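Per-entry structural report
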Amino acid sequence: MLSQFPIHSPEEEINHPVFSKKAVQVFIKRDDKIHPFISGNKWRKLKYSLQEAKNLNKNLLVTFGGAWSNHLLATAAAAAQFGFQSQGIVRGESVDNPVLAMCRLFGMKLQFIDRSSYREKESYFNNHFDSSTAYFIDEGGRSNLGVLGCKEIIPELQQEYAHIITAAGTGTTAAGLLQGIDEANLASRLHVIPVLKNGGFIKDDIEKFEVSTKNMDLHLDYHFSGYGKSNPELIHFIKDFVASTGIMIEPVYTGKAMYGLVDLIKKDYFKPGSRILFLHTGGLTGLLGQLNLF
Ligand SMILES: *Cc1c(COP(=O)(O)O)cnc(C)c1O
């Protein structure tokens with residue numbers, strides 16, 4: 001099944017006046033090129049869960065997310081491609097938007113539940129679905145199998161980097177990268193930019209996957225007031241970056257992480273001569289909710 005889905009995610013050097021001024025080399029791993037809808041780290045996180053669901057002969061994928069969730073859309077698209085039915089449980093009151101419309105287009109059934117039921121996802125799943133046919137996938141694709149999929153980013157790399165930088169929501173991607181770095185015995189440090197306010201909890205969440213955080217630095221100051229929030233400075237930065245590199249980023253995840261990277265470089269955080277990799281985690285459909293800012 002998975003062989004029908006070859007990974008295309010090149011590493012490309014990016015030029016930016018700040019990078020040359022500070023004498024650092026920055027490359028970007030284009031996981032956004034993996035698939036337009038099963039994008040970036042969402043494919044990495046889903047891959048082994050889908051395989052497991054197939055092996056267990058489940059025909060329905062049930063997953064959870066907010067109304068603009070890249071994960072819901074990725075699951076809907078992957079389900080359609082690999083012959084599953086899909087059901088998305090959406091947090092909060094019934095709404096409609098382009099992401100949910102595309103989920104429906106891929107055949108996903110949507111159901112809205114109140115926030116307190118949403119918090120008890122597993123019991124909601126157990127009470128409402130037949131687990132002989134339905135397969136539970138946690139919000140954001142958070143799982144040990146998700147970590148396993150993200151770990152595979154590291155052996156794909158064409159060269160060694162002193163620093164690797166990624167955005168984080170659940171920390172699943174960061175956990176996989178750390179495990180990959182550890183297993184390959186690389187000297188790379190992982191820099192994680194949580195997009196949520198007070199993102200320090202990510203360290204505990206990563207350690208719950210039994211992954212060591214010794215090679216990790218958390219940068220907590222680039223959340224721009226919280227998940228889905230932004231300000232004119234971030235929007236200006238994104239416009240400038242996209243127009244001068246041709247690489248699309250968005251304000252929810254990759255824009256904040258790239259802002260953080262450029263800011264750290266400006267502040268001489270990295271030694272001159274450092275080779276740095278930015279992981280483009282995809283998720284560009286998130287832009288559909290933010291286009292009015294541009
Ligand atoms: C979901 C998502 C993330 C967060 O990944 P985690 O593994 O939950 O930390 C980062 N970037 C993009 C573009 C995403 O869609």
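Residues numbered from 1 in each chain as written. Predicted model: local features only at pLDDT ≥ 70, side-chain atom pairs only at ≥ 80, totals over all residues. Heavy atoms only, no water.

Looking up the protein chain in an unreviewed UniProt entry gives the name Pyridoxal-phosphate dependent enzyme, with the organism given as Sphingobacterium tenebrionis. In its Cofactor (unreviewed entry) section, the UniProt record describing the protein chain reads: "pyridoxal 5'-phosphate". The record in UniProt for the protein chain states the following under Sequence similarities (unreviewed entry): "Belongs to the ACC deaminase/D-cysteine desulfhydrase family." (UniProt positions renumbered as here; feature names shortened; annotations may be inferred.)

This paragraph deals with the site of the ligand. If you check the shell around the ligand, you find 14 residues, and the closest are Lys42, Gly169, Thr170, Thr173 and Thr281. With respect to the ligand, the side chain of asparagine 70 contributes an N or O atom lying 2.8 Å from an oxygen atom. Between an oxygen atom of the ligand and a main-chain N or O atom of threonine 172, the distance comes to 3.4 Å. Here the ligand loses 98% of its free accessible area of 380 Å² to cover by the protein chains. Put simply, the parts of the chain that give the shell around the ligand at least two residues each are helix H2 (41–55) and helix H9 (172–183). Ranked by residues supplied to the shell around the ligand, first place goes to H2 with 3 residues. Of the residues in the shell around the ligand, the class split is 2 nonpolar, 10 polar and 2 charged. (Near = heavy atom within 4 Å. Polar contact = N/O pair within 3.5 Å; in protein donor to acceptor, adjacent residues only side chain to side chain. Areas by Shrake-Rupley, 256 points an atom, 1.4 Å probe, with all protein chains shown as cover. Helix = DSSP H or I, 4+ residues; strand = E, 2+ residues; numbered from the N terminus. Nonpolar A, V, L, I, M, F, W, Y, C, P; charged D, E, K, R; others polar.)

This part is about the pattern of salt bridges. Here the idea is simple: oppositely charged side chains can pair when their charged atoms come close. Across all of its chains, the model carries 18 salt bridges by this definition. Notably, a salt bridge pairs aspartate 32 with arginine 30, separated by 2.8 Å at the nearest N-O pair. Residue classification places aspartate 32 among the buried positions, given a relative accessible area of 11%. The salt bridge involving glutamate 139 is made with lysine 121; its shortest N-O contact spans 3.7 Å. A residue pair is termed long-range when its members are at least 10 positions apart, and glutamate 139 in the loop between strand E6 (134–137) and helix H7 (144–151) and lysine 121 in helix H6 (residues 121–128) qualify at 18 residues. Counted as one network, the salt bridges with shared partners bring together Glu12, Arg30, Asp32 and Lys33. (Salt bridge = Lys/Arg side-chain N within 4 Å of Asp/Glu carboxyl O. Buried < 20%, exposed > 50% of the residue type's maximum accessible area, 1.4 Å probe, protein only.)

Inspection of every chain in the model, using the stated rule, returns 15 aromatic pairs. With centroids separated by 5.0 Å and ring planes inclined at 80 degrees, the aromatic side chains of tyrosine 269 and phenylalanine 270 adopt a geometry described as edge-to-face. Exposure remark for tyrosine 269: the relative accessible area of 38% places this residue in the partly exposed category. Taking relative accessible area as the criterion, phenylalanine 270 reaches 5% and is therefore assigned buried. What links up through ring pairs into an aromatic cluster is the set Phe64, Tyr118, Phe125, Phe129 and Phe136. When the ring centre of phenylalanine 84 is taken as origin, the NZ or CZ atom of lysine 54, which lies over that ring, is 4.1 Å away. Lying across the ring of tyrosine 118, arginine 91 places its NZ or CZ 5.4 Å from the centre. (Phe/Tyr/Trp six-rings, centres within 6.5 Å; stacked < 30°, edge-to-face > 60°. Lys NZ or Arg CZ within 6 Å of the ring centre and 35° of its normal.)

To continue, consider unusual backbone geometry. Of note in this structure, asparagine 57 is not a glycine but carries a positive phi near 60 degrees. The residue asparagine 57 is located in the loop between H2 and strand E3 (60–65) in this model. Exposure remark for asparagine 57: the relative accessible area of 64% places this residue in the exposed category. Backbone geometry places asparagine 198, a non-glycine residue, at a positive phi of 55 degrees. Here asparagine 198 is to be found in the loop between strand E8 (189–194) and helix H10 (201–207).

Another aspect to go through is the pairing of strand E10 (residues 275–280). The buried count for E10 comes to 5 of 6 residues, which makes it a mostly enclosed element. In this sheet, E10 lies alongside strand E2 (residues 25–30) in parallel orientation, the contact comprising 6 bridges. By the bridge assignment, phenylalanine 27 is partnered in E10 with leucine 277. In the sheet, strand E7 (residues 163–168) pairs with E10 via 3 bridges, with the strands oriented parallel. Note that in E10 the partner of isoleucine 164 across the bridge is leucine 277. (Pairing = 2+ DSSP bridges.)

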